[in-house]
Amino acid sequence: MANIIGKRIPRIDGPQKAIGEAKYTTDIFLPDMLCAKILRSPIAHAKILNIDTSKAEKIPGVKAVITGKDAWGIKHGFVETPRYPADQYCLANDRVRYIGEEVAAVAAIDEDAAIEALDAIKVEYEELTPVFDIFESIKPDAPEIHPNELPDLTEPFKNVGGRCANSFGNVEKAFKDAYLIKNDRFESQLRTHSYLEPQATVAHYDKSGKLNIWTSGMGVFRKRMHLANTLRIPSSRIRVHKIWVGGAFGGKIDLFSHEFCTSLLSIKTGMPVKYVAERDEIFSFFRHGQPMVVDLETAVTKEGVILGQRARCYNSCGAYRGSGVVCIFLCWGFLILPYRIPALDYIGYSIYTNNPVRAPQRGHGAPQIRFAVESQLDMIAEELGIDPIEIRIKNARNKGDVLPNNDTVKNAGLIECIKKAAEKTNFRKRYIKYKTERVYQDNYCHDDYKKDNKRFRRGIGIGVSGYFTGTLIYPNNSAAIVQFNDDGTVKCLTGALDIGQGAETIISQIVAEELGLNLEDVELITGDTDTCPVDIGSWISGLTYVTGNAAKKAAEDAKRQILAAASLELGVGIERLEINGKRIFIKDNPERSIPFSMAIARHIYENKGDPIIGRGFFRGLKDAKIGPSLKNAKGSWSDSYAFDAQVAEVEVDMATGKIRVLKATTAHDCGFPINPLLVEGQIDGQVSMATGQAISEEVVMKNGITLNPSFLEYKLPLATEMVENDYIDIITEEYKKDHHFHTKEVGEGYVSGILAAIANAVYNATGYRPKKLPINIMNDP
Amino acid sequence: MRLPQFQFHSPKSLNNLLKLQEKSGENAIIMAGGTELLNRMKLRLIEPEHVISLSNIKGLNRIFFTKDKGIEIGSTSKLTQIVSFFEKIGSYRAIYESTLHVGSQQIRNMATIGGNIFQDTRCMFYNRSREWQKIVPPCHKRKGNICHAVKNSRRCFAVYQGDIAPALIVLMAKAVFYTPDGFQELPVEEIFSGDGNKPFAIEKNHILFSLRLPPVNKNLFSTYKKYRIKGGLDFPLAGVAIALQKEGGIVISLRLCLTGIAPKPIMIAHAEKTTQGERLNESLIEKVAQMAYDFVHPVANLEDSPEKRRFMIRQMVYDGLKEVIKKHEGNG
Amino acid sequence: MKAMGKKNKKIIRLNINNTVYDILVEHRDTLLEVLREKLLLTGTKDACNMGECGACTVLLDGKPVLACLTLAIDAHDKEITTIEGIAKDGSLSPIQGSFIEHGAIQCGFCSPGMILTATALLKENPNPSREEIKKAIEGNICRCTGYNKIIDAIGDAAKKISKDHQSS
């Protein structure tokens, strides 16, 4: 019977955040701290002929100026593999490939001096022809952004940064035998994370030769690794400090130029250096989510069972590879995960354009793919006269299903998710009601809607998704240490970084549960590369599973040691002992017990002074040497797969085209929730993000320039657009003592289903089938 | 980005303000609430050497009934004051509705009606940061000679997006200015030049003192409708103020003023002529809405397509007219 | 804009959380800059510096305003309340407690501004409807929570506060 696991526990970092005490990178002020600014290319594609920094260096108050020549030509990348080697410079080398690419950096005593210095740097460019559209970019006569280096690229495409091709089953036969084939194109827009805390870094190369870094990121060990490589310093001389992070959603994983620049500027000046990105800089030049075009062809039987699919994903990765090569692999995964696909012919292309580099954004391919698949499945259902729930249940993965890469989905609760979501929302009845109430019109905002009382139409739609739970990517694993204090409280050291998702609370709950402690008895020391062991990082949806299990093992190790000592102290075998409330009891004679402190003292005595330190290590995919292949999707991907079914209810004003998302119901198989309050928070946030993606958000770019680089003009949801949420837990796993737990991710998987559901709901309400995001019912579909 | 350097002055009287203004020369600007001004200064669209604040001048922020039962609104009245006052009295509804949806709660606590009226015109190619401006060649409003919104245009199409001015205009408000030659009055619509580059036809040393609303007939109802993609800070991508006076089903006067679609608020004069003395039936309402649609020609320089904004003008005129008619009927 | 050019400065008096500070500021300093950089009261956050996100909300004479668009010199002699002044004598305010209890804080960056806006709301309107709460915090952007638990927290705090008033 769990005491703390599964309970709605308020976050342990709540109080310090509520009183404004929690410090973020932007809150760091050190004595003699310099202000860093970055000079960016105003041209989308050009050779750099010369950079003259001489005037800038002479400006009073300017302490250092650096350019690409100071960066030793070292490259870095989101992935660095033989197939996809590092391709990006920290400061542009001899070419710039997007407007905003970093060309130089200055450190000065204040912002005024730094800006004056930027103005004084003279860069000579030789302009090259740019290309901004992916389909223009792949043409044989397109300007070359990077040479083609992929040996398996058989298509006559230019500017392909990544290709992932996977096929299985007999696709030809599937399409030959099909009763119905549907072929559609779906387009997902450029949208962005809009984290509240700006990108920021403070670097201080102190007198002992240690480079101290505070940066708004998503994983301290990865940042340290990148900085060590690009600065040519040993990892041991870099300390990435623990600092709170004000949201990231995938946009702060990579090494950023400003992290390198502040570090190098600090090394050169010996003074602390701070860089904070302006908000319009973030909107214009930093990394946004991947826009994508999906061509999807699906063959089904008369009963609506999927026989096979052909899919082509065209991902717009920006001017460098970024995470596009991972995205196109993940798109394959998100295609094969929720439904049984007997035959598939998939190719994903990650295509360069002269736009800023793109990054993962919550879902990283899943929203784009599920929008396509779920929309098309609804279209198929309608043509076949099958209801949307029925067709999904028919095709959904079941417990124990084996995926094409030989992973199993283990305890998949997808079918139950679909059924429960449909039941809770009275889906079938309302779907038919709204469908019959709408009137088909060619012009969806016909003037007649002004007059009749059917101006506001309701619609209901469903979307299904699946997600992986951690995979192998540097540093691949997590470690944790649990150390007893003399009084029976514990210190837990973990490199985990809380970026807002509640990592610290979850880990504390796990340790407390294992050791029968209260939450306040667990002190967490986190997110510091000097004081904490390695950690997988707060991305790829792995933290709770990987770090959580590492912390569990460390706690178990500590428990074994304290029980061994208690066994001696109480004079009974360990199997007769149990733990509760910082005491150890004899199970069948609970009047006999000792406090933790006594057992700890006994341990120290028995072990000639050694304290109790528990260690735990964990990584997913234990039997796999490496992660899945980004080239052909082969290989084990994840230990655990999460599923969900989400239902959206919308209201559309037929006279103006305005869409309101009224309610979202999420039936989620996250294994079991370690903290339901936190899970709900994740669902709320993702529903909000999906709503924005569905109806209003878009980074508008033209010729490489962002036209709406502000919170005012980037239309993300406000409080007045809040969606009412319902949550249904589908429990498919459980927390067991002495066994690693199989929880499933909750941080990313709930964007996609609801996004697709909103699109389907709009169709149900209006008869307009969205093929592009954001949805605009006044456009041609 | 920090603000540029300037000298801040906070005179205690209008006379002192005028003296300061003269002394400070060309590069001085008047500040009311500052929400719009400081924003433009951070973008380096303007870099005044002197900022002269109205906030210490007493008597500029009173709202009261005048002797003739009209209302006088001091120019530095905060928007929250205005919302509160007009919510209570119920009449001049367009003033309440237009002010209520300006910005957020925080903005309404800081911003003044004078500042809202005298906000600069906006354009997505203009209201951009210094960094952005280094990339894109300067347009007319930035002392260049091109327009990014309309190719080969010799004039500026920056849009006036003030919410409150059109409401004042349909309610026949007058703007009272304090000048070196004493007080001067002007109908609010005459404040605007129609030039996106220099939107105001007012001398620099004419300081807005107050707005005077004439007494309103009990048969006059007004409303303001705003189109924007989301709430909060969003400026109107199109806005419609309507004031309708009816008696026994016949239109005495209909005044329509649009915002968010041109460099100044636009009055639809022929709608007024067409409806005077007529019964406002369904087909006349549609006709008036269509007139508004035909009259406006927004360009692609804000967050939504010109076509959608025109469309919304028509829809909002239609919806707005239906609403004020209903209010009439509700009052017998 | 010359770096070492003439800087216009003035000593002003700021009353922040019932403490009076005499500070030398530049005329162009915003209240946000003075709070964070001169007084190291970093609880008030800078997320956009353009008045568009609400993260820098403070109370000026009890009313929520944006510190990034307020000149420090204009806040002279006014009563300023920042997030550091909300908890009294080490006790969290009912709103702060409610935020924590309801899970209304995730990354926490919007929380100070949100809490201040909510504090002002409940002083003016002790029993707001759900719609009134949404409208009041419309100027505070949150990207993590979807606003659901924030609205729940404010509504619940309102009930708690009126209960406390009734019983006292």
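Cut-offs used in this document
- All residue numbers refer to positions counted from 1 along the written sequence of the respective chain.
- Chains and ligands are labelled sequentially in the order written, the chains with letters from A and the ligands with numbers from 1.
- A pLDDT threshold of at least 70 governs which residues receive local features in this predicted model, and a stricter bar of 80 or more applies before side-chain atom pairs are shown or counted, although totals over entire chains, interfaces and linings include all residues.
- Every angle, taken between N-to-C directions, lies between 0 and 180 degrees, and every axis is a line fitted to C-alpha atoms, over only the stretch in contact when it is a helix.
- A helix here means a DSSP run of H or I that spans at least four residues, while a strand means a run of E at least two residues long, and both kinds are numbered starting from the N terminus.
- Here is the rule for angles: anything less than 35 degrees is roughly parallel, anything more than 145 is roughly antiparallel, 65 through 115 is roughly perpendicular, and the remaining ranges are oblique.
- In this scheme, a crossing is called left-handed if the near helix is turned counterclockwise away from the far one by less than a right angle; it is called right-handed if the turn is clockwise.
- We call two residues in contact whenever the C-beta atoms placed from their backbones are within 7 Å.
- Asp, Glu, Lys and Arg are counted as charged, while Ala, Val, Leu, Ile, Met, Phe, Trp, Tyr, Cys and Pro are counted as nonpolar; the rest, among them Gly, fall into the polar class.
- Any residue surrounded by 20 or more other C-beta atoms within 10 Å of its C-beta is treated as buried, while 12 or fewer makes it exposed and the intermediate range makes it partly exposed; C-beta atoms here are placed from the backbone.
- At least two DSSP bridges between two strands are needed for those strands to be called paired.
- For a helix, the expected span equals 1.5 Å multiplied by the residue count minus one.
- In this context, the arc is that of the directions from the helix axis out to the C-beta atoms.
- What pLDDT conveys is the predictor's confidence in a given residue, as a value from 0 to 100.
- We call a crossover right-handed when, viewed with the strands running away from us, the connection from the first strand over the helix to the second turns clockwise.
- For the domain bounds, the source is a domain assignment made automatically or taken from a database.
- As used here, a nonpolar core is made of buried Ala, Val, Leu, Ile, Met, Phe, Trp, Tyr and Cys residues. They are joined through C-beta atoms within 7 Å.

Q: So what exactly am I meant to see when it comes to the packing of helix α18 (residues 676-695) of chain A against helix α19 (residues 752-766) of chain A here?
A: Residue and element names in this part refer to chain A. Their axes nearest at 8 Å, the elements α18 and α19 cross at an angle of 45°. Looking at the two axes, α18 sits oblique to α19. In this structure, the crossing between α18 and α19 has a hand that is right-handed. Here V687, A690, T691, Q693 and A694 of α18 come into contact with α19, specifically with I754, L755, I758 and A759.

Q: Would you explain the interface of chain C and chain A in this entry?
A: Interface extent is often summarised as the accessible area lost during association of the parts. Taken together, the contacts link 47 residues of chain C with 50 residues of chain A. For the side of chain C that touches chain A, the secondary structure elements donating two or more residues are α2 (94-102), α3 (111-124), α4 (130-136) and α5 (148-167) of chain C. Looking at which element gives the most residues to the side of chain C that touches chain A, the answer is α2 of chain C, with 4 residues. Taken together, the residues that form the side of chain C that touches chain A break down as 25 nonpolar, 11 polar and 11 charged.

Q: Honestly, the environment of S636 of chain A in this entry has me stumped. Any pointers?
A: Residues and elements named next belong to chain A. Along the chain, S636 falls in the loop between β25 (613-618) and β26 (641-653). The exposure class of S636 is buried, given the 20 C-beta atoms found within 10 Å. Between the C-alpha atom of S636 and that of I121, which follows or precedes it by 515 residues, the distance is 50 Å. Here S636 is in contact with N405, N406, D407, L621, A624 and P628, once residues within four sequence places are set aside.

Q: Hey, could you run me through the sheet that holds strand β21 (residues 522-526) of chain A in this one?
A: Backbone hydrogen bonds hold the strands of a sheet together, and the pairing may be parallel or antiparallel. All names here are of chain A. Spatially, β21-β20-β19-β25 is the arrangement adopted by the 4 strands of the open sheet, whose pairing is mixed. The open sheet has two free edges, formed respectively by β21 and β25, since each of these has just one partner strand. Sheet twist, expressed as the mean angle between neighbouring strand axes with direction ignored, is 20°. Pairing of strand β19 (residues 478-484) with β25 involves 6 bridges; the strand directions are antiparallel. Paired with S478 across the bridge in β25 is F618. Sheet strands touched by helix α15 (residues 503-515): β19, β20 (490-494) and β21. Its angle to β21, the strand with the most contacts, is close to 135°.

Q: Is there a simple way to explain helix α10 (residues 282-295) of chain B in this structure?
A: One turn of the α-helix equals 3.6 residues, which is why residues spaced by three or four share an orientation. Residue and element names in this part refer to chain B. With 14 residues, α10 should reach 20 Å at 1.5 Å per residue; the first-to-last C-alpha distance of 20 Å fits that figure. Among all positions of α10, only V288, A289 and A292 are buried. Taken around the axis of α10, the buried residues stretch over an arc of 95°, which confines them to a single face. Exposed residues lying more than 90 degrees from the buried face of α10 are S283 and D294.

Q: Quick question: what am I supposed to make of the confidence of the model for chain B here?
A: Note: predicted coordinates in regions of low pLDDT should not be interpreted at a detailed level. Residues at a pLDDT of 70 or more form 99% of chain B, whose mean pLDDT is 95. For this predicted complex, the interface score ipTM comes out at 0.97, while the overall pTM is 0.96.

Q: In this structure, what is going on with the environment of A269 of chain B? I would like to understand it.
A: Residue and element names in this part refer to chain B. By secondary structure assignment, the location of A269 is in helix α9 (residues 269-275). C-beta crowding within 10 Å serves as the criterion here: with 12 such atoms nearby, A269 is assigned to the exposed category. In sequence terms A269 and F157 are 112 residues apart; their C-alpha atoms lie 22 Å from each other.

Q: I would appreciate a short explanation of the pairing of strand β3 (residues 50-53) of chain B in the present structure.
A: If a strand is regular, its side chains alternate between the two faces of the sheet. Residues and elements named next belong to chain B. Of the two faces of β3, both are covered, the one formed by H50 and I52 as well as the one formed by V51 and S53. One ladder, built from 3 bridges, connects strand β1 (residues 7-9) with β3; its direction is parallel. Note that in β3 the partner of F8 across the bridge is V51. Both strand β2 (residues 28-31) and β3 contribute to a ladder of 4 bridges, which runs parallel. From the neighbouring strand, M31 faces β3, where its bridge partner is S53. For the segment spanning β2, helix α2 (residues 35-42) and β3, crossover handedness is right-handed.

Q: Whenever I open this one, the confidence of the model for chain A confuses me. Can you help?
A: Looking at chain A, pLDDT values average 94 and 98% of them are 70 or higher. Taken together, the stretch residues 441-446 of chain A has pLDDT below 50 and engages in 10 contacts with residues farther than four places along the chain or on a different chain.

Q: What is the right way to read the domain arrangement of chain B from this model?
A: All names here are of chain B. Taken as a whole, chain B is organised into domain 1 (1-56) and domain 2 (68-117 + 159-331). Inter-centroid distance (C-alpha atoms) of domain 1 to domain 2 is 28 Å. Opposite the 11 residues of domain 1 that make contact, domain 2 presents 11 residues. Elements with a contribution of two residues or more to the side of domain 1 that touches domain 2: α1 (14-24) and α2. When residues in the side of domain 1 that touches domain 2 are grouped by element, the largest group, 4 residues, is from α1. For the side of domain 1 that touches domain 2, the residue count by class is 6 nonpolar, 4 polar and 1 charged.

Q: Just checking my understanding: could you explain the packing of helix α9 (residues 324-336) of chain A against helix α10 (residues 366-384) of chain A for this structure?
A: Helix-helix packing: each pair is described by the crossing angle between the helix axes and the interaxial distance. Residues and elements named next belong to chain A. The N-to-C vectors of α9 and α10 enclose an angle of 40°; their axes lie 9 Å apart at closest approach. Relative to α10, the element α9 lies oblique. At the point where α9 passes α10, the crossing takes the right-handed sense. Counting all contacts with α9, which are made through C331, F334 and L335, the residues of α10 involved are A366, I369, R370 and V373. Each residue belonging to the contact of α9 with α10 can be placed in one class, and the counts come to 6 nonpolar, no polar and 1 charged.

Q: Got a minute to help me understand the nonpolar core in this structure?
A: The tendency in soluble globular proteins is for nonpolar side chains to be buried as a group. Residues and elements named next belong to chain A. Membership of the largest hydrophobic core comes to 413 residues, with the highest contact counts inside it found for I758 and V762. Among the elements that take part in this core, helix α16 (residues 543-570) stands out by supplying 13 residues, more than any other. Residues in contact with V762, not counting those within four places in the same chain, are G459, V650, V652, I659, Y768, P770, I775 and I777.

Q: Explain the interface of chain C and chain B to me, please; I cannot follow it from the model alone.
A: On the side of chain B, 24 residues touch chain C, which itself brings 25 residues to the contact. Broken down by element, the side of chain C that touches chain B gets its largest block of residues, 4 residues, from strand β4 (residues 63-66) of chain C. In terms of residue class, the side of chain C that touches chain B is made up of 9 nonpolar, 10 polar and 6 charged.

Q: I'm lost on the pairing of strand β2 (residues 46-52) of chain A in this one. Help?
A: As defined by bridge partners, β2 of chain A adjoins strand β6 (residues 95-96) of chain A across 2 bridges and the pair is classed as antiparallel. Bridging across to β6 of chain A, A46 of chain A finds its partner in V96 of chain A.

Q: Explain unusual backbone geometry to me, please; I cannot follow it from the model alone.
A: Residues apart from glycine generally show negative phi values, whereas peptide bonds are mostly found in trans. In the segment running from Y474 of chain A into P475 of chain A, the intervening peptide bond is cis, with an omega of 0°. By secondary structure assignment, the location of P475 of chain A is in the loop between β18 (456-468) and β19. Along the chain, L773 of chain A connects to P774 of chain A via a cis peptide bond; the corresponding omega equals -5°. For P774 of chain A, the location among the structural elements is in the segment after α19. The phi dihedral of N476 of chain A is positive, around 75°, even though this residue is not glycine. Within the element layout of this structure, N476 of chain A appears in the loop between β18 and β19. The exposure class assigned to N476 of chain A is partly exposed, which follows from the 17 C-beta atoms found within 10 Å. The backbone phi angle of N152 of chain B is positive, close to 60°, even though this residue is not glycine. Within the secondary structure, N152 of chain B is located in the loop between α7 (130-135) and α8 (164-170). Its 6 C-beta neighbours within 10 Å are what place N152 of chain B among the exposed residues.

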